[in-house]
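So you can see what is in the structure, the chains are spelled out below.
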Amino acid sequence: MRGCKLCRYSTVCNDLPGVCILLIYATIAVVVLAVGFLFITQELL
């Protein structure tokens, strides 16, 4: 529940405690994939 205090969606977090952790990992994964995609496309061009 400590992570939920840091989470902006505290109301969602109260219902599902794992949502905040999943949101953090999802945003990290999206950023890593976006950077990797840009790197690969730049190298191919």
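Residues numbered from 1 in each chain as written. Predicted model: local features only at pLDDT ≥ 70, side-chain atom pairs only at ≥ 80, totals over all residues. Heavy atoms only, no water.

**Regarding the overall build of the protein**
Moving on, step 1. Broken down by element type, the protein carries three helices and zero strands.
Moving on, step 2. By the burial criterion, 11% of the 45 residues in the protein qualify as buried. (Helix = DSSP H or I, 4+ residues; strand = E, 2+ residues; numbered from the N terminus. Buried < 20%, exposed > 50% of the residue type's maximum accessible area, 1.4 Å probe, protein only.)

**Let's talk about the confidence of the model for the protein**
Moving on, step 1. Residue-level pLDDT values for the protein average 75, and 60% of them are 70 or greater.
Moving on, step 2. Model confidence for the protein, summarised as mean pLDDT per element, is weakest for helix α1 (residues 2-6) at 51 and strongest for helix α3 (residues 19-44) at 89. (pLDDT = per-residue confidence, 0-100.)

**A word on a nonpolar patch on the surface**
Moving on, step 1. Residues Ile21, Ile24, Tyr25, Ile28 and Val32 make up a contiguous nonpolar surface patch of about 530 Å² in total accessible area.
Moving on, step 2. When you line up the elements, Ile21 lands in helix α3. (Patch = residues over 30% accessible without salt bridge, like charges linked within 9 Å, V, L, I, M, F, W, Y side chains within 5 Å. Areas by Shrake-Rupley, 256 points an atom, 1.4 Å probe, with all protein chains shown as cover. Salt bridge = Lys/Arg side-chain N within 4 Å of Asp/Glu carboxyl O.)

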